[in-house]
Number of protein chains: 2
Amino acid sequence: MADGASGADVGVVETRFAELFTAADPLRLDSGATLGPVTLAYETYGTLAPDRGNAVLICHALTGDAHVAGVHADTDKVGWWDDFVGPGRVFDTDKHFVVCSNVIAGCSGSTGPGSLNPATGRAYGLDFPMVTTGDMVRAQRALVAHLGIPRLRAVVGGSVGGMQALQWALDYPDVVGSCVVVASTTRLSAQNIAFNAVSRQAIMSDPDFHDGRYTEHDVVPHRGLATARMMAHITYLSEEGLQLKFGRSLQDRDRVSYGFDRDFAVESYLHHQGSKFVRRFDANTYLYLTKAMDYFDPFPDAATAARALAPVTSDFLVCSFSSDWRFDSSRSMELVEVLLRHDKHVAFQEFTTPLGHDAFLLDVPPYKATLKAFLDRRAEVP
Amino acid sequence: MADGASGADVGVVETRFAELFTAADPLRLDSGATLGPVTLAYETYGTLAPDRGNAVLICHALTGDAHVAGVHADTDKVGWWDDFVGPGRVFDTDKHFVVCSNVIAGCSGSTGPGSLNPATGRAYGLDFPMVTTGDMVRAQRALVAHLGIPRLRAVVGGSVGGMQALQWALDYPDVVGSCVVVASTTRLSAQNIAFNAVSRQAIMSDPDFHDGRYTEHDVVPHRGLATARMMAHITYLSEEGLQLKFGRSLQDRDRVSYGFDRDFAVESYLHHQGSKFVRRFDANTYLYLTKAMDYFDPFPDAATAARALAPVTSDFLVCSFSSDWRFDSSRSMELVEVLLRHDKHVAFQEFTTPLGHDAFLLDVPPYKATLKAFLDRRAEVP
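Keep in mind the model is a prediction, meaning the values are calculated, not measured.

Criteria and thresholds
Residues numbered from 1 in each chain as written. Chains lettered and ligands numbered in written order. Predicted model: local features only at pLDDT ≥ 70, side-chain atom pairs only at ≥ 80, totals over all residues. Heavy atoms only, no water. Helix = DSSP H or I, 4+ residues; strand = E, 2+ residues; numbered from the N terminus. Disulfide = S-S within 2.5 Å. Buried < 20%, exposed > 50% of the residue type's maximum accessible area, 1.4 Å probe, protein only. Pairing = 2+ DSSP bridges. Axes fitted to C-alpha atoms, helices over the stretch in contact; angles between N-to-C directions. Contact = heavy atoms within 4.5 Å. Parallel < 35°, antiparallel > 145°, perpendicular 65-115°, else oblique. Left-handed = near helix turned anticlockwise from the far one by under 90°. Nonpolar A, V, L, I, M, F, W, Y, C, P; charged D, E, K, R; others polar. 1 Å grid on protein atoms, 1.4 Å probe; cavity = no way out; pocket = protein on both sides within 12 Å on 5 of 7 lines; lining within 4 Å. Points joined across faces, edges and corners; volume = space filled by probe spheres on them.

Draft legend 1. Geometry of unusual backbone geometry. Gly 36 of chain A connects to Pro 37 of chain A through a cis peptide bond whose omega is 0 degrees. Tracing the backbone through its elements, the reader meets Pro 37 of chain A in the loop between strand S4 (34-35) and strand S5 (38-45). Phi angles above zero are rare outside glycine, and Asp 76 of chain B is one such case at about 65 degrees. By secondary structure assignment, the location of Asp 76 of chain B is in the loop between strand S7 (71-72) and strand S8 (85-86).

Structure, rendered in structure tokens:
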């Protein structure tokens, strides 16, 4: 594969903001509630072709944001999928105009529970309406129109981003050329819902949560959010991956402490992940997005699946990873099965790696090669 | 199998208390610290034979206690393994004298962090010394001597109880006839340690934890302990078992709430488990026992294994469950492998069930039949 090297081939980037709905013309949500105004934060990489036919939309996962690649002008941070985007890379910016937006209910510039509620002059907090994957995609659809893009060459997402990509193909069949769903599922299992429930319990039972009004108290429910992240992080890695990386190695010591120090390297690593996370992510957003995950279920029964898939014209690439136990390969295969049953064009590949669910974000060369080949080919076929 | 029926064939039972060590003659712990006095709470079922050769010791798991069977005289509670113990049952009280004690550091009558520290006149809290599986077994050994039992027909334990049973066989080869290790492991994996670390983070970061001195503040860190239990509970059940039991069923509603209610039955179930647990279990004990689990590693390398196993004369029954992902069958097979490599007599069986790790506590008929046959045979061979 012609992969560049480490870091920021797309150079310095900035996040932009699109005002997409108003109080008078609001976003209509699946719950029946309305939301307006709505801002979406987004970034773009590459150049929109004169025929406006080269756009590829990336949908981010649970804790992602619009900053996919490059060095952010304000924060100096490198994007979360930086080595996937740039000239010659998976998302080849010589060929594609790449767009990514922070989802609604997000905490990285898009309208969410931390935004000002125009009705009260205070932050929404838990007054923010519940949003679904369908609502996220509806808002993204408005952004795509706002950018003057009539049709997307492809919509691509991993994990929760894969749910959005699938929703795009279902809801806007005339707009989506190809749909790429990586390390995802058509519905959370009882175990997935259970882990989400525990993470929300950790956050909402933190005394600093204050019913979601923590910013008004100048605190954040950092303990609960850190606990939620630590637990979730275990589910992002495979048992084998954790074993290879940490095993039973001790952290900066020759023998156990016989106390409540963090004896093992894996403990220290998880605590570090928890602390890092609370500095960059909002607790209310975590609640809303896990709930949207719980609700996602586009094919609850055969009749609904048939109805949802009837108008779909895009083709699909579905990818899974052998050691992903959050959304294991059988979940991807369920998606493949329902798509094939409705006569869609689907390619499926499982990649062998010990990297677990997180693999979709990482340098797994055969995965990157497959994804790149799929997207490159879409640039050749008009 | 000749299994009685539901409930309490051994009748009304009471917990007794043995004073086993003193300040002058303390229990010497692996950490180098000493502990005295030490009380162990215990129960017995059946009758010690005149030759005192029919005793079977049950070791309880993480959140168990000495009350294995029967209806407790004080609390009316039925024991945690009630349908395994009684005339004609797995632990046939017509054949065996069954003993179980609450581990040291426990919270059900044995000396633990909630006990009074004679040095200060206050509860130990986190001043309680760290205990290991070896320490738990050393204290149990003193109890067995106190009861006038020269030799145990068998030591049996599931999960953390299996670790204790194995430790018994290693540390007291002359005392242990047979050793039964169910749904257990010779060491925690990095993932196991990680889950324990998150549970301790949840408890210790609860503002009501007060560095372990919560009873002096008339509170308990109930939020953190509930979160820890909810998370752990997910690991006790299999993905398949949760799916079969709950799937995506909603709880007392026809449609989702579009709010932070507990929409799904599995959420409601987990919250119920969390609330129930905090009423019966002590947070400090949870910390100590998870740490003892982390430390357990009797065979860290080949030389240590050879040394540890050289004097061992007991035979072994090792059982695992197909859907247990906390300690999956490969972990039991690792134990079998090391035992066979050192020429021990080992029987191993994996039982097929969707019940996950919890299966060791439950009515899995082939498992109960195997266990019963193994123990019954020990009653026949002198």
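Draft legend 2. Here's a closer look at the state of the cysteines. All names here are of chain B. According to the stated counting rule, one finds 0 disulfides over all chains in the structure shown. Of the cysteine sulfurs around Cys 107, a residue in no disulfide, the closest is that of Cys 100, at 13 Å. Cys 107 sits in the partly exposed class, given a relative accessible area of 26%.

Draft legend 3. How the structure looks around the sheet that holds strand S10 (residues 97-101) of chain A. All names here are of chain A. Taken in spatial order, the 8 strands of this open sheet run S2-S5-S10-S6-S11-S12-S13-S14, and their pairing is mixed. A single partner strand is all that each edge strand has here, and the edge strands are strand S2 (16-21) and strand S14 (346-351). Strand-to-strand twist of the sheet, defined as the mean angle between neighbouring strand axes without regard to direction, takes the value 20 degrees. Judged from the 5 bridges that link them, S2 and S5 form a sheet pairing that is antiparallel. When the sheet's bridge partners are listed, Phe 21 is paired in S5 with Val 38. Sitting on the sheet, helix H2 (residues 160-171) is in contact with strand S6 (55-59), strand S11 (152-158), strand S12 (176-182) and strand S13 (315-321), with an inclination near 145 degrees to S11.

Draft legend 4. Quick look at the packing of helix H3 (residues 190-204) of chain A against helix H6 (residues 265-280) of chain B. At their nearest, the axes of H3 of chain A and H6 of chain B sit 9 Å apart, and the two run at 50 degrees to each other. When the axis of H3 of chain A is compared with that of H6 of chain B, the two are oblique. For the element pair H3 of chain A and H6 of chain B, the recorded crossing hand is right-handed. Residues Ala 190, Ile 193, Ala 194, Ala 197, Val 198, Arg 200 and Gln 201 of chain A of H3 of chain A pack against Val 266, Glu 267, Leu 270 and His 271 of chain B of H6 of chain B. Looking at the contact of H3 of chain A with H6 of chain B, its residues break down into 7 nonpolar, 2 polar and 2 charged.

Draft legend 5. Geometry of empty space enclosed by the protein. Per the counting criterion, the structure on display carries 4 cavities of 30 Å³ or more. Of the pockets and cavities examined, the largest cavity occupies roughly 110 Å³. Ala 202 and Ser 205 of chain A together with Ala 202, Ser 205 and Gly 224 of chain B are the residues nearest the centre of the largest cavity, which is lined by 14 residues in total. Elements supplying a minimum of two residues to the lining of the largest cavity: helix H4 (222-236) of chain A together with helix H4 (222-236) of chain B. Considered class by class, the residues forming the lining of the largest cavity number 4 nonpolar, 6 polar and 4 charged.

Keep in mind that these numbers describe shape and distance, not what the molecule does.
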